[in-house]
Amino acid sequence: MFEQIHVARISNTSVLRLDRPERLNALDVAMWQELAETIEFTQRFGWLRCIILHGAGGNFAAGADLGEFAAKRATPAQAAEYGKVMDRALRAIRDCEVPTIAAIEGACIGGGLQLAMACDLRIGGAASRYGAPLAKIGVVMPFPEIAYLVELVGHSTALEILLEGRIYDAAEAKEKGLIGRIIEEEKVADEAIATARRIEQGAPLSHRFHKKLIRRGLDPRPLTDEDYAEGFAVCASEDYADGIRAFLEKRKPVFRGK
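Anyway, here's the lowdown on the structure attached to this text. (Residues numbered from 1 in each chain as written. Predicted model: local features only at pLDDT ≥ 70, side-chain atom pairs only at ≥ 80, totals over all residues. Heavy atoms only, no water.)

Viewed as axis vectors pointing N to C, helix 3 (residues 76–94) and helix 5 (residues 145–153) meet at an angle of 35°, and their least axial separation amounts to 11 Å. Only Glu-145, Tyr-148 and Glu-151 of helix 5 make contact with helix 3, whose side of the interface consists of Met-86, Asp-87, Leu-90, Arg-91 and Arg-94. Its residues assigned to classes, the contact of helix 3 with helix 5 shows 3 nonpolar, no polar and 5 charged. (Axes fitted to C-alpha atoms, helices over the stretch in contact; angles between N-to-C directions. Helix = DSSP H or I, 4+ residues; strand = E, 2+ residues; numbered from the N terminus. Contact = heavy atoms within 4.5 Å. Nonpolar A, V, L, I, M, F, W, Y, C, P; charged D, E, K, R; others polar.)

Here's what the structure looks like:
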């Protein structure tokens, strides 16, 4: 169904592999479109509890495919249209109701880094490398991606990343907050799957509300009574009732996302 995104199911996790290894998984317009469609399609399945993104051939993604910029991103109007395609994919990941994990090996540069930033969790291999050297080709990280970067690493570090345009090793990337943990390169996929399994054991509604409430907490608008009430809404769910019963009965709960 998809040409450049390979989809596999492991337990209740969907594993999406960027499959353009001959270009280090650099994303062209078609691949951005396909990624958005894949995420949107995958979320239709009721069994889904987590999504893992990783790249084929030992690299996550070496950025957007600059080879098509002269033809498809040559003017502000073209760039804006290109940005809409890219934004659709990034928002699909960022707004996904289930937790998302970026399993990063090798290059995670430019658009690849923006893709990883849209995920909830980022696991990096010891040999992985990161950066956004956009100024070196005269391009600007637009909204909303630049807001994602500031949210992730803070104002000062975001400026450092964009102004210097350096490429960081995994240790410095973790220090700057770009990734959450570092794993031996050959064990990145296994660690991502193990992380997904731990997520699967939790209540889907808890995950969904935690994602929503954390996002709302970053919004500068004053919290409303409705916002406060959402933190307790899950107590009306079947999963909450079974979770409490399971604890008292010393058994594992059976969560159905209801």
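Okay, the sheet that holds strand 7 (residues 129–131) next. In spatial order, the strands read 5-7-8; together these 3 strands make up an open sheet with mixed pairing. Each end of this open sheet is capped by a strand with a single partner; those strands are strand 5 (107–109) and strand 8 (167–169). Pairwise comparison of adjacent strand axes, ignoring direction, gives a mean angle of 20° for this sheet. Of the strand pairs in this sheet, strand 5 and strand 7 are connected by 3 bridges, and their pairing is parallel. Bridge pairing in strand 7 places Cys-108 opposite Tyr-130. Where helix 4 (residues 111–118) meets the sheet, it contacts strand 5 and strand 7, and its direction lies at approximately 90° from that of strand 5. (Pairing = 2+ DSSP bridges.)

The next point concerns the pattern of salt bridges. Within the structure shown, the criterion is met by 26 salt bridges. A salt bridge links Asp-227 to Arg-216, with the nearest nitrogen and oxygen atoms 3.0 Å apart. Taken together, the residues Asp-227 in helix 10 (residues 225–233) and Arg-216 in helix 9 (residues 204–218) connect sequence positions 11 residues apart. Residue Asp-227 is classed as buried on the basis of its relative accessible area, which comes to 16%. Given a relative accessible area of 13%, Arg-216 falls into the buried group. Between Asp-219 and Arg-221 there is a salt bridge, and its shortest N-O distance comes to 2.8 Å. Given the relative accessible area of 53%, Arg-221 is considered exposed. The structure contains a network of salt bridges with shared partners spanning Glu-160, Glu-164, Arg-166, Glu-172 and Lys-176. (Salt bridge = Lys/Arg side-chain N within 4 Å of Asp/Glu carboxyl O. Buried < 20%, exposed > 50% of the residue type's maximum accessible area, 1.4 Å probe, protein only.)

Excluding glycine, residues mostly carry a negative phi; peptide bonds, for their part, are mostly trans. The omega angle of the peptide bond from Phe-143 to Pro-144 is 0°, so this bond is cis rather than trans. One can find Pro-144 in the loop between strand 7 and helix 5. One non-glycine residue, Ser-11, lies in the positive phi region at around 55°. Relative to the elements of secondary structure, Ser-11 occurs in the loop between strand 1 (5–10) and strand 2 (13–18). Judged by relative accessible area, Ser-11 falls into the partly exposed class, the value being 33%.

Quick look at the nonpolar core now. Counting residues in hydrophobic clusters, the biggest one holds 52 residues, and the most contacted among them are Trp-32, Leu-35, Phe-60, Leu-115, Tyr-130, Leu-149 and Leu-178. Counting residues per element, this core draws most heavily on helix 3, which supplies 7 residues. If you look at the next biggest cluster of nonpolar residues, it comprises 11 residues, including Val-15, Cys-50, Ile-123 and Ala-192. (Core = buried A, V, L, I, M, F, W, Y, C linked by side-chain atoms within 4.5 Å.)

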